[in-house]
Amino acid sequence: MTNPKQTISVLVNNQPGVLQRVAGLFGRRGYNIESITVGESEEHGLSRMVIETTGDHNTLEQIQKQLYKLIDVIKVIDLGSQAMVGRELALIKVNAEPTTRPEIIGIVETFRAAIVDISPTTLIVQVVGDSDKIDAMVELFRPYGIRELTRTGVTAMVRGMSVGK
Amino acid sequence: MSIQERAVMSKEEIRSKLLQPDVISGSEILLRSLLLEGTECIFGYPGGAVLNIYDAMYSFANIRHILTRHEQGAIHAADGYARSTGKVGVCLATSGPGATNVVTGIATAYMDSVPLVVITGNVATSFIGTDAFQEADITGITMPITKHNYLVRNVEDLPRVIKEAFMIASTGRKGPVLIDIPKDVSAHKIAFHYPDSVHVRGYQPTVKPNNLQVQKMIQAIKEAERPVILSGGGVVYADAQNELMEFVEKTQIPITTTLLGLSGFPSSHPLWMGMPGMHGTYSANMALQNCDLLIGIGARFDDRVTMKLSGFAPKAKIVHIDVDPAEIGKNVKTAIPCVGDVKMVLKQANETAQPAKSKAWIEEIARNKQEFPLRFKDSDDELKPQYVIDMISETTKGDAIVTTDVGQHQMWVAQFYKFTKPRSMITSGGLGTMGFGFPSAIGVQVAHPDRLVISVNGDGGMQMCSQELAICAIHNIPVKIVVINNQVLGMVRQWQEIIYDNRYSFIDLAGSPDFVKLAEAYGVKGLRATNKEEAQKVWKEALEFNGPVLIDFQVRKDENVFPMVTAGSAIHEMILGDDE
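Residues numbered from 1 in each chain as written. Chains lettered and ligands numbered in written order. Predicted model: local features only at pLDDT ≥ 70, side-chain atom pairs only at ≥ 80, totals over all residues. Heavy atoms only, no water.

Undergrad: So what exactly am I meant to see when it comes to the overall build of chain A here?
TA: Regarding its fold elements, chain A presents 4 helices and 9 strands. The linear arrangement of helices and strands in chain A, starting from the amino end, is β-α-β-β-α-β-β-α-β-β-α-β-β. Here the C-alpha coordinates of chain A stretch approximately 55 × 40 × 35 Å along the principal axes. For chain A, buried positions account for 43% of its 165 residues. Counting contacts in chain A only where the partners sit at least 6 residues apart, residues at least 24 apart contribute 73% of the total. On chain A, roughly 8900 Å² of surface is accessible, and the fraction owed to carbon and sulfur atoms is 52%. Seen as two clouds, the 18 positive and the 19 negative side-chain charges of chain A have centres 5 Å apart. (Helix = DSSP H or I, 4+ residues; strand = E, 2+ residues; numbered from the N terminus. Buried < 20%, exposed > 50% of the residue type's maximum accessible area, 1.4 Å probe, protein only. Contact = heavy atoms within 4.5 Å. Areas by Shrake-Rupley, 256 points an atom, 1.4 Å probe, with all protein chains shown as cover. Lys, Arg positive; Asp, Glu negative; His and termini not counted. Charge placed at Lys NZ, Arg CZ, Asp CG, Glu CD.)

What follows is the structure in structure tokens.
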């Protein structure tokens with residue numbers, strides 16, 4: 001049985017080395033990081049990390065407790081246990097010869113993605129959505145030849161009025 | 001302020017003088033802040049990046065500094081100081097190699113939750129990241145082995161950082177905190193202001209227990225027929241020995257103390273079963289195996305205690321009292337978690353605690369204790385290591401503070417020294433650091449000039465920090481340095497004999513220095529014993545000698561520590577070993 005995917009949101013002091021502290025904790029305790037996104041939060045001096053990891057309930061509980069032991073960690077939220085919005089952005093540089101270009105544009109429109117750069121033989125497609133949607137789109141582009149792919153990892157928050165603090 | 005001036009000043013006067021908002025350097029800020037935090041002694045070693053700090057110390061008469069012969073000696077000494085007092089130990093080292101030399105000591109303190117503040121110098125901020133001379137990223141290196149660490153880039157932050165470091169090191173689950181100070185920061189001058197208190201938003205240890213969980217525990221005790229207490233270092237660190245005694249008496253629960261928990265409960269008590277685990281007593285291990293209720297108090301269910309986890313305490317409902325929530329459920333499944341300061345939890349529990357239905361169980365344990373006591377095959381021809389520890393225990397009535405190194409002698413101290421007072425067993429349990437035993441005793445003796453301090457070492461570990469003999473001689477630090485000398489790495493030998501089929505690989509320490517001559521070379525008295533009669537005689541002489549003394553006890557090489565549970569076995573599957 002594979003371990004389920006978990007998404008946690010970690011509010012941290014925006015201090016030098018804080019990413020190293022969090023990532024190092026995952027590494028040395030054998031927790032997996034599927035993706036990690038970091039950026040400023042609504043409060044000055046604090047950053048929010050959204051980390052996708054895998055593990056059973058006990059592992060998730062240990063991860064949360066171990067994170068709280070870091071002095072620079074203010075708050076940890078298990079997003080997966082609540083209704084959440086999770087989004088990822090991908091840029092896909094796909095081969096687009098004049099003959100295939102209309103088909104590709106058709107896929108882009110269906111997925112409500114956007115073409116953000118055009119060259120004689122390629123397009124850069126920007127897509128935003130949950131990870132499954134991006135996976136699907138990548139698969140559709142594969143036959144045309146993906147020249148380059150970059151994904152941001154998931155950023156997420158809880159739906160409704162509650163806030164991750 | 002000169003020494004003479006200070007001698008006539010009261011504590012308050014000194015304090016207000018230290019707090020004056022003078023324009024001073026980062027170095028002087030550091031020294032004043034350390035004094036304001038109650039630091040009595042810095043164990044340290046100078047070097048380029050801390051020259052400013054040492055220069056400030058030159059004209060700063062209030063700080064006691066002990067110059068060790070290696071940074072590792074300094075940090076272990078600070079560790080011994082901290083473990084034996086409960087106060088924060090302070091260590092100072094230079095950048096680069098100075099800083100990396102304290103890494104083992106920091107990891108040692110981290111694994112055993114010892115409060116330390118470790119100060120390192122670093123190259124000037126403008127040089128950081130350029131691979132400058134003696135530059136090392138010590139905050140990066142020590143992230144996994146400190147409770148927290150700081151690289152101070154602005155002198156304005158220094159007073160707050162020091163205040164925070166002491167607060168973090170000494171509260172909640174204690175631990176080492178490192179402060180890295182670049183050379184320009186220790187030189188830069190500002191007006192001194194020391195904060196009264198600090199608030200760290202991401203740090204709020206739970207100390208007050210949840211009463212509901214405490215009451216669940218009380219109820220579980222009332223129903224239990226075969227309860228056991230597993231008491232660890234957390235009890236010692238929380239100074240909860242009186243509360244623990246009251247709890248044991250009120251609930252009538254037999255108790256076993258882990259290696260770090262030793263001395264947290266008097267070994268003369270009829271309900272005490274000794275140490276559990278790999279080299280634990282028969283009665284303690286069988287009690288853990290057969291109990292229906294197991295109350296872990298300030299103990300973290302280390303693998304040397306539980307042995308094979310899947311076979312550990314299979315019939316027990318587990319209660320876990322600990323100040324660190326991350327310890328709950330980490331290794332064993334816990335039915336009743338009690339997060340909080342051990343002392344507060346026990347105090348609260350003692351208000352309503354009632355006895356368990358443990359009468360028959362206590363009798364069963366008493367029979368086990370009688371039938372399977374710790375024992376060794378004594379000899380009139382050879383000096384046995386267990387005999388030496390037994391003798392030390394008897395002659396000191398369990399009253400000394402004993403530091404140990406790591407290995408067989410450590411286990412024999414744990415088994416045969418009958419501790420009577422808390423904080424009197426000083427040993428590296430978690431990391432198992434060879435070279436810890438002797439320098440830690442220096443820190444203990446500095447903190448307790450009037451107590452008998454005995455450092456028990458093997459001939460292997462003694463050679464890992466023997467350079468600190470100089471410190472004992474120079475400062476007349478009267479540690480009784482015991483070397484249990486079997487000319488071999490005994491614990492490795494034992495494993496190679498039992499588990500690796502007598503394939504002895506690189507364990508022979510023959511050709512080590514003559515320890516008596518080594519001691520004498522440093523100006524420390526040296527004594528030797530090769531049989532029981534000599535052992536009695538030289539030990540008496542050592543105890544009566546007013547000053548540091550090293551006693552080389554030349555013991556039998558092939559002695560093993562029993563009982564023994566080999567890795568992969570459950571805790572009740574003990575090799576009992578030699579009979580009388």
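Undergrad: I keep staring at the interface of chain B and chain A and nothing clicks. Help me out?
TA: By a widely used convention, the size of an interface equals the accessible area lost when the partners come together. Taken together, the contact pairs 17 residues of chain B with 16 residues of chain A. Together, the buried faces of chain B and chain A total about 1500 Å²; carbon and sulfur atoms form 51% of this surface. One can count 2 salt bridges joining chain B with chain A. One salt bridge connects Arg201 of chain B with Glu43 of chain A, and the closest N-O pair in it is separated by 2.7 Å. The interface formed by chain B and chain A includes 6 residue pairs in polar contact (both at pLDDT 80 or more). Of the residues that constitute the side of chain B that touches chain A, the class distribution is 8 nonpolar, 4 polar and 5 charged. (Buried area = accessible area lost by both parts, 1.4 Å probe. Salt bridge = Lys/Arg side-chain N within 4 Å of Asp/Glu carboxyl O. Polar contact = N/O pair within 3.5 Å; in protein donor to acceptor, adjacent residues only side chain to side chain. Nonpolar A, V, L, I, M, F, W, Y, C, P; charged D, E, K, R; others polar.)

Undergrad: Is there a simple way to think about helix 14 (residues 282–290) of chain B in this case?
TA: For the α-helix, the turn length of 3.6 residues means that residues three or four positions removed from each other point alike. Of all 9 residues in helix 14 of chain B, 8 are buried, a share of seventy percent or more. Of the surrounding secondary structure, the elements contacted by the buried residues of helix 14 of chain B are strand 9 (227–231), strand 10 (255–257), strand 11 (293–297) and helix 17 (359–371) of chain B.

Undergrad: What's the story with empty space enclosed by the protein in this structure? I'm lost.
TA: Where empty space is left can be seen by rolling a probe of water-molecule size over the atoms. All names here are of chain B. Counting across every chain of the model gives 4 cavities of 30 Å³ or more. Taken as a whole, the largest cavity encloses approximately 90 Å³ of empty space. Along its surface, the largest cavity is lined by 10 residues, and Pro373, Leu374, Arg375, Pro563 and Leu576 are the ones closest to its centre. Grouping the amino acids of the lining of the largest cavity by side-chain chemistry returns 7 nonpolar, 1 polar and 2 charged. In this structure, the second largest cavity occupies an estimated 80 Å³ of space. The wall of the second largest cavity is formed by Arg83, Val236, Tyr237, Leu260, Leu262, Ser263, Arg423, Met425 and Ile426. Those elements that provide at least two residues to the lining of the second largest cavity are helix 12 (233–237) and strand 15 (425–426). Of the residues that constitute the lining of the second largest cavity, the class distribution is 6 nonpolar, 1 polar and 2 charged. Three or more residues apiece are contributed to the lining of the second largest cavity by two domains, here domain 2 (211–371) and domain 3 (385–554). (1 Å grid on protein atoms, 1.4 Å probe; cavity = no way out; pocket = protein on both sides within 12 Å on 5 of 7 lines; lining within 4 Å. Points joined across faces, edges and corners; volume = space filled by probe spheres on them. Domains from an automatic or database assignment.)

Undergrad: Would you mind going over the domain arrangement of chain B with me for this structure?
TA: Residues and elements named next belong to chain B. When its domains are assigned, chain B resolves into domain 1 (3–191), domain 2 (211–371) and domain 3 (385–554). Using C-alpha coordinates to define each centre, domain 1 is positioned 30 Å away from domain 3. Contacts between the two partners involve 25 residues from domain 1, matched on the other side by 26 residues from domain 3. Of the roughly 1900 Å² buried where domain 1 meets domain 3, counting both sides, 67% is carbon and sulfur surface. Summed over the three residues of domain 1 that lose the most area to domain 3, namely Arg69, Arg83 and Ser84, the buried surface amounts to 28% of that side. Scanning the region where domain 1 abuts domain 3 turns up 0 salt bridges.

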